[in-house]
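Observations on chain architecture
Residues per chain are reported as follows:
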Amino acid sequence: MSFPSAPALPAEKPEPPLDRPFYDAPFAAAVKRGFRKYATFSGRASRSEFWWWVLATGVVQLVLSIVTEAFGYDTSTAWQHVGGFQGPGDAINLLSSIFGLAVLVPQLALTWRRLHDVNRSGAWILIGLVPVYGWIVLIAWTCRRPVLAGRRFDLA
């Protein structure tokens, strides 16, 4: 008696070159590409590249924030002991700040490239400076499907 064989798993999509967007990028590849294209503002980025990056950096920031609070770091009195560390909460808060600064440039570059994929100039990122309404517009644009005309931002 023979048993039917299990269906073959789908082959993983090959990763496109860094100058092209990686549509349907898996989590690890999207985060890796975010760091590899650290300050690249030209080209395009897919929705999956963008949102996996946002999720990864957001989770790290959330975990650092929770750990900071668990050690009793009080942000309301932080300005009172500027001269040095008062405990582990201060060190973790410093680590959180360093991480935030480390991912700031790639976040800006990735958003810039994501806007290119929906056929918007990357300079539209400045609309995020408008409180609430600007953020809503940016979120809506980054959620959009790619626009074929966005290929004009490719490096040729």
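About the criteria used
- Residues numbered from 1 in each chain as written.
- Predicted model: local features only at pLDDT ≥ 70, side-chain atom pairs only at ≥ 80, totals over all residues.
- Heavy atoms only, no water.
- Helix = DSSP H or I, 4+ residues; strand = E, 2+ residues; numbered from the N terminus.
- Salt bridge = Lys/Arg side-chain N within 4 Å of Asp/Glu carboxyl O.
- Buried < 20%, exposed > 50% of the residue type's maximum accessible area, 1.4 Å probe, protein only.
- Expected span 1.5 Å × (residues − 1).
- Contact = heavy atoms within 4.5 Å.
- Polar contact = N/O pair within 3.5 Å; in protein donor to acceptor, adjacent residues only side chain to side chain.
- Axes fitted to C-alpha atoms, helices over the stretch in contact; angles between N-to-C directions.
- Parallel < 35°, antiparallel > 145°, perpendicular 65-115°, else oblique.
- Nonpolar A, V, L, I, M, F, W, Y, C, P; charged D, E, K, R; others polar.

**Points about unusual backbone geometry**
With phi around 60°, aspartate 24 is a residue other than glycine that occupies positive phi space. Inspection of the secondary structure assignment puts aspartate 24 in the segment before helix H1 (27-36). Unlike most non-glycine residues, valine 132 shows phi in positive territory, near 60°. Checked against the element boundaries, valine 132 lands in the loop between helix H4 (104-117) and helix H5 (133-143).

**Some points on the pattern of salt bridges**
Under the criterion given, the structure shown has 8 salt bridges. In this structure, the salt-bridge partner of glutamate 49 is arginine 33, at a minimum N-O distance of 3.0 Å. On the criterion of sequence distance, the pair formed by glutamate 49 in helix H2 (residues 47-70) and arginine 33 in helix H1 is long-range, its members being 16 residues apart. Here the two residues glutamate 49 and arginine 33 agree in accessibility, since each one is buried. Of the charged contacts, one joins aspartate 117 and arginine 44 as a salt bridge, the two residues approaching to 3.1 Å between their closest N and O atoms. Here aspartate 117 is found in helix H4, whereas its partner arginine 44 is found in the loop between H1 and H2, with 73 residues between them in sequence. Of the two residues, aspartate 117 and arginine 44, neither departs from the other in class, the shared state being buried.

**Some words on H2**
Taking 1.5 Å of rise per residue, 24 residues should cover 34 Å, and H2 covers 34 Å from first to last C-alpha, within 8% of that figure. Here H2 has its buried residues at Ser48, Glu49, Phe50, Trp53, Ala56, Thr57, Leu64 and Thr68. Tucked into the core, H2 has its buried residues touching H1, helix H3 (88-102), H4 and H5. Positioned one or two residues after H2, glycine 72 has a phi angle of 80°, which is positive.

**Re the environment of threonine 142**
Within the secondary structure, threonine 142 is located in helix H5. A sequence separation of 27 residues divides threonine 142 from leucine 115, and the C-alpha atoms of the two residues are 6.6 Å apart. In this structure the side chain of threonine 142 is engaged in a polar contact, spanning 3.0 Å, whose partner is the backbone oxygen of isoleucine 139.

**Topic: the packing of H1 against H2**
The angle between the axes and the distance between the axes are what describe a pair of packed helices. One way to put it is that H1 packs onto H2 with a least axis distance of 8 Å and a crossing angle of 85°. Here H1 lies roughly perpendicular to H2, going by the angle between them. Where H1 abuts H2, its residues Phe27, Ala30, Val31, Arg33, Gly34 and Phe35 lie against Ser48, Glu49, Trp52, Trp53, Leu55 and Ala56. Its residues assigned to classes, the contact of H1 with H2 comprises 8 nonpolar, 2 polar and 2 charged.

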